[in-house]
Amino acid sequence: MEKVVITGMGTVNPLGLTVQESWQSAVNGVSGVGPITLFDSTPHNVHFAAEVKNFKPENYLDAKETRRRDRFELLGAAAVKEALQDSGLTINEGNAGRIGVLVSSAIGGIISLEDAVITNQKDGPRRISPFLIPMLMANGASGLTAIDYQIKGPAMSVASACASGSDGIGVAFMMLKTGMIDAALAGASEATICSVGVGAFDRISAMSRRDGDYSMTPQPFDMNRDGLVMGEGAAVLVLETESHAKARGATIYAELSGYGATADAYHITAPHEKGEGGAAAIRMALQSAGANADEVGYINAHGTGTPLNDKSETMVIKAAFGERAYHIPISSTKSMTGHMLGSTGALEAIFCVQAVREGILPPTIHYETPDPDCDLDYIPNKAREKKISLAISNAFGFGGHNAVLAIRKYE
């Protein structure tokens, strides 16, 4: 089977409005967390989040379209635009049917849905926007991308909670491997920083509540971690078969060499106690990549900063790698971006591409106090220079979804 390669990348997220800006922020250990400005958080326990800053949708779409799309669709459109421009991929009648779109979302347009419920209660159902359904449906970003660029291959959204972005990239990988398509736009977009979104995650005790001083949260893998920080954003990769990329003279950034996906079949929100499903997904991704455990030079962890997740993921990595787990650098870039839910895995895939290309591993910031249950190398607080040939990205979602991507240096 042909290699699948990465030829373009795009993102808007709490660290920046481009891939380069975001990567530099990550390498420099910049936190994207700040006060909530997208809604009035006064009644809530939580008043901070990782918002996309200075985002102007009119820079990516015409004014009429910006009013007809949910925020997650607007963020997705921005990431798609940068990724396509970065790749130089031209879409026309001749190749439109051979290109796929998999811009996923875990939640979809919750902001638009919340607004519609308020409108319905206040003014009645006749005042609900006729654009509500396209604004709230989780496949909206994929459908609109296909329309915007007249892409006529498979277009869909994978919904697997916080694994959605990684699974979307993985499904595109399989389509390319089997010859179904020649190229794909794959990633995810998420925008859930609203009253219902923040309130719902707080109600399941998943969120950090350090309102007195949130400058040191989230704290993945730290003894004092107390929960995730809500983030938002979008990230998209342009994937192609190697022959297609070479035929058009594309710049190839890295190879997407493997994908693994499993289910814990254990609990709707809690990770498996022994990490069996996550470890199986790692082994599957490495087998798919034709790689062995000794080749892995970096792991971008799911690392949400919740007590259960970080302990479980440490067990996952140990189960997958044995004693070698202690010698693999690991970081949680969610310590900087917050948890962008379905889109985080796609951004973390971009960070893995950059790590493989540049030989720099981003840090886990806010790391102060080691936890005996989390005793691996989490690249604390400062980026590390290290040449690597293979990185993996972990994404574990509610429902017991596990998705792992393997990204190899392209030679």
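A brief structural summary. (Residues numbered from 1 in each chain as written. Predicted model: local features only at pLDDT ≥ 70, side-chain atom pairs only at ≥ 80, totals over all residues. Heavy atoms only, no water.)

What to know about the pairing of strand S12 (residues 390–397)
For clarity, the threshold we go by: Residue burial is assigned from relative accessible area. The probe radius is 1.4 Å, only protein chains are included, and a residue is buried under 20% of its type maximum, exposed over 50%, and partly exposed in between. The secondary structure listing takes helices from DSSP runs of H or I that are at least 4 residues long and strands from runs of E that are at least 2 residues long, numbered from the N terminus. Whether two strands pair depends on DSSP finding at least two bridges between them.
The buried count for S12 comes to eight of eight residues, which makes it a mostly enclosed element. Covered by surrounding structure in S12 are Leu 390, Ile 392, Asn 394 and Phe 396 together with Ala 391, Ser 393, Ala 395 and Gly 397, the residues of both alternating faces. The pairing of strand S8 (residues 298–300) with S12 spans three bridges and is classified as parallel. In the strand pairing of S12, Asn 300 is matched with Ser 393. When S12 meets strand S13 (residues 401–408), the two strands line up antiparallel, connected through eight bridges. Bridging across to S13, Ile 392 finds its partner in Ala 406. Linking S12 back to S13 in an antiparallel pair, the connection comprises three residues, with Gly 399 at a positive phi of about 95°.

Observations concerning empty space enclosed by the protein
We count it as follows: In the cavity and pocket records, a cavity denotes points on a 1 Å grid over the protein atoms alone where a 1.4 Å probe fits but cannot get out, a pocket denotes an open set with protein on both sides within 12 Å along at least 5 of 7 lines, and lining residues are residues with an atom within 4 Å of a point. Grid points are joined across faces, edges and corners, and a volume is the space filled by probe spheres set on the points.
Inspection of the entire model under this criterion finds one cavity of 30 Å³ or more. Estimated volume of the largest cavity: approximately 30 Å³. Forming the boundary of the largest cavity are Arg 69, Glu 73, Gly 76, Ala 77, Ala 141, Leu 144, Thr 145 and Asp 148. Counting residues per element, the ones that place at least two in the lining of the largest cavity are helix H3 (71–87) and helix H6 (140–149). Broken down by element, the lining of the largest cavity gets its largest block of residues, four residues, from H6.

Re the pattern of salt bridges
Selection rule: One speaks of a salt bridge when a side-chain nitrogen belonging to Lys or Arg is within 4 Å of a carboxyl oxygen belonging to Asp or Glu.
Enumeration according to the criterion identifies 15 salt bridges in this entry. Glu 242 is paired through a salt bridge with Lys 246; the nearest N and O atoms lie 3.7 Å apart. Within this pair, Glu 242 and its partner Lys 246 are both found in helix H9 (residues 242–247), separated by four residues, close to a single helical turn. Residues Asp 377 and Arg 384 are paired through a salt bridge, measuring 2.6 Å at the closest nitrogen-oxygen approach. Take Asp 377: its relative accessible area is 23%, and that puts it in the partly exposed class. Taken together, the shared-partner salt bridges connect Glu 65, Arg 69 and Asp 148 into one network.

Description of helix H7 (residues 164–177)
Note that an α-helix has 3.6 residues per turn; residues three or four places apart therefore point the same way. Let me state the cut-off plainly: An expected span of 1.5 Å times one less than the residue number is assigned to each helix.
Look at H7: 20 Å from first C-alpha to last across 14 residues, which is about the 20 Å you get at 1.5 Å a residue. Every buried residue of H7 is accounted for by Ser 164, Gly 165, Ser 166, Asp 167, Gly 168, Ile 169, Gly 170, Ala 172, Phe 173, Met 175 and Leu 176. Immediately beyond the C-terminal end of H7, within one or two residues, lies Gly 179, with a positive phi of roughly 80°.

Side note on unusual backbone geometry
Here the bond from Thr 217 into Pro 218 is cis, since omega is 0°, no more than 30 degrees from zero. Tracing the backbone through its elements, the reader meets Pro 218 in the loop between helix H8 (195–203) and strand S6 (233–241). With a phi angle near 55°, Gln 150 is a residue other than glycine that sits in the positive phi range.

Re the nonpolar core
Where we set the bar: Definition of nonpolar core: a set of buried residues of the types Ala, Val, Leu, Ile, Met, Phe, Trp, Tyr and Cys, connected through side-chain atoms within 4.5 Å.
Core analysis: the largest hydrophobic core is formed by 46 residues, its most contacted members being Ile 6, Met 9, Ile 169, Leu 237, Leu 239, Leu 256 and Tyr 298. Counting residues in each nonpolar core, the second largest holds 28 residues, with Phe 72, Val 80, Val 101 and Ala 183 among its members.

Details of the layout of surface pockets
Over the atoms rolls a probe the size of a water molecule, and its path tells where empty space is left. Put simply, the rule is: Under this grouping Gly is polar, as are all residues other than the nonpolar Ala, Val, Leu, Ile, Met, Phe, Trp, Tyr, Cys and Pro and the charged Asp, Glu, Lys and Arg.
Size it by volume and the largest pocket reaches roughly 480 Å³. For the largest pocket, the lining is made up of 33 residues, of which Thr 269, Pro 271, Thr 306, Asn 309 and Phe 398 are closest to its centre. At the level of elements, helix H11 (307–321), S12 and S13 are the ones that each hand at least two residues to the lining of the largest pocket. Take the lining of the largest pocket: its biggest share by element is six residues, from H11. When its residues are assigned to classes, the lining of the largest pocket shows 14 nonpolar, 17 polar and two charged.

Considering the packing of H3 against H6
Put simply, the test is: Axis definition: a line fitted to C-alpha atoms, limited for helices to the stretch in contact. Angles are taken between N-to-C directions and run from 0 to 180 degrees. Relative orientations are named as follows: roughly parallel for angles under 35 degrees, roughly antiparallel for angles over 145 degrees, roughly perpendicular for angles from 65 to 115 degrees, and oblique for any other angle. In this scheme the crossing of two helices becomes right-handed for a clockwise turn of the near helix relative to the far one and left-handed for an anticlockwise turn of less than a right angle. Two residues qualify as a contact provided that any one of their heavy atoms is within 4.5 Å of a heavy atom in the partner residue.
As a packed pair, H3 and H6 sit with axes 9 Å apart at the nearest point and diverge in direction by 45°. For the element pair H3 / H6, the angle class is oblique. The element H3 and its partner H6 pack so that their crossing is right-handed. Touching Phe 72, Glu 73, Val 80, Lys 81 and Leu 84 of H3 are Gly 140, Ala 141, Leu 144, Thr 145 and Tyr 149, all from H6. For the contact of H3 with H6, the residue count by class is six nonpolar, two polar and two charged.

Here we look at the packing of aromatic side chains
Our working rule: Aromatic contacts are taken between Phe, Tyr and Trp rings whose centres are within 6.5 Å, Trp giving its six-membered ring; a plane angle under 30 degrees counts as stacked, one over 60 as edge-to-face, and the others as tilted.
Per the stated rule, a full pass over the model turns up six aromatic pairs. Counting every residue linked through ring pairs, the aromatic cluster contains Phe 221, Tyr 367 and Tyr 378.

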